[in-house]
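# Notes for the structure review
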Amino acid sequence: MTDAISSILSQIRAHETRTLGPLGNPAAAGDARPSGAVDVGAPARTSFQQTLNNAIDGVSQAQNEAGALQQAFEMGDPRADLARVMVAMQQSQVAFKAAVEVRNRLVQAYQDVMNMPV
């Protein structure tokens, strides 16, 4: 389980590095435009809050889909076989555990920063 969480965190860091660049600012990511230039065709950069909200929405959606599939199986729907139900439930469980672990690490980082001597 720890390897999976480390893998997810490394993917988040790699995405952040691609988005913001190694120094944490958009200009370091290869953005050679002048500071006042506006690129209409470029996709908007997502903030950390938007990324976190999207991840939480994804976990919620996976749980809702697993619940709906489970209910369909219980009602006798022939399209909802046991294997699909079990896979959906495991996927939602793994997604939830990963989200909880990310939350725990964010809380720990916040506490570490707050306990730093000034």
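Model, not experiment: these values are computed from the prediction.

## Points about the overall build of the protein chain
The secondary structure content of the protein chain amounts to 3 helices and 0 strands. In the protein chain, the succession of helices and strands from N to C terminus is α-α-α. Every one of the 118 residues in the protein chain was classed for burial, and the buried ones make up 12%. A sequence separation of at least 24 residues applies to 40% of the contacts in the protein chain between residues at least 6 apart. Roughly 9,200 Å² of accessible area belongs to the protein chain as shown, and the carbon and sulfur atoms make up 59% of that amount.

## Examining the confidence of the model for the protein chain
Of all residues in the protein chain, 74% attain a pLDDT of 70 or more, and the chain-wide mean is 80. For the protein chain, helix H1 (residues 2–20) is the element with the lowest average pLDDT, namely 70, and helix H3 (residues 82–114) is the one with the highest, namely 94. Within the model, pLDDT remains below 50 along residues 28–37, and this stretch shows 12 contacts once partners closer than five positions in the same chain are excluded.

## Describing helix H2 (residues 48–74)
Taking 1.5 Å of rise per residue, the 27 residues of H2 would be expected to cover 39 Å, and the 39 Å separating its terminal C-alpha atoms lies within 8% of that figure. Those residues of H2 lying buried are Val 59, Ala 66, Leu 69 and Ala 72. Where H2 is buried, its residues touch H3.

## Considering the pattern of salt bridges
Applying the stated criterion to the full structure yields 2 salt bridges. Among the ionic pairs, Asp 77 bridges to Arg 79, the shortest N-O distance being 3.3 Å. A relative accessible area of 24% places Asp 77 in the partly exposed class. A residue is classified by how much of its surface remains accessible, and Arg 79, at 64% relative accessible area, is exposed. Between Glu 101 and Arg 105 there is a salt bridge, with the nearest N and O atoms lying 3.5 Å from each other. Residue Glu 101 and its partner Arg 105 are both found in helix H3; the two are separated by 4 residues, about one turn of the helix. Note on Arg 105: relative accessible area 36%, which makes it partly exposed.

## As for the nonpolar core
Judged by nonpolar contacts, Ala 66, Leu 69, Ala 72, Ala 80, Val 85 and Ala 88 together constitute the single largest core of 6 residues. Broken down by element, the residue count for this core peaks at 3 residues, all from H2. Discounting chain neighbours no more than four positions away, the residues touching Leu 69 are Ala 80, Arg 84, Val 85 and Ala 88.

## Some details on the side chain of Ser 92
Along the chain, the position of Ser 92 falls in helix H3. The exposure class of Ser 92 is buried, given its relative accessible area of 8%. Each residue touching Ser 92, except ones within four places of it in the same chain, is listed here: Ala 62, Gln 63 and Ala 66.

## Here's the deal with H3
Each turn of an α-helix holds 3.6 residues, which means side chains three or four residues apart point in the same direction. The end-to-end C-alpha distance of H3 is 48 Å, a good match for the 48 Å that 33 residues give at a rise of 1.5 Å each. Every buried residue of H3 is accounted for by Val 85, Ala 88, Ser 92, Ala 98 and Val 102.

Conventions and cut-offs
Residues numbered from 1 in each chain as written. Predicted model: local features only at pLDDT ≥ 70, side-chain atom pairs only at ≥ 80, totals over all residues. Heavy atoms only, no water. Helix = DSSP H or I, 4+ residues; strand = E, 2+ residues; numbered from the N terminus. Buried < 20%, exposed > 50% of the residue type's maximum accessible area, 1.4 Å probe, protein only. Contact = heavy atoms within 4.5 Å. Areas by Shrake-Rupley, 256 points an atom, 1.4 Å probe, with all protein chains shown as cover. pLDDT = per-residue confidence, 0-100. Expected span 1.5 Å × (residues − 1). Salt bridge = Lys/Arg side-chain N within 4 Å of Asp/Glu carboxyl O. Core = buried A, V, L, I, M, F, W, Y, C linked by side-chain atoms within 4.5 Å.

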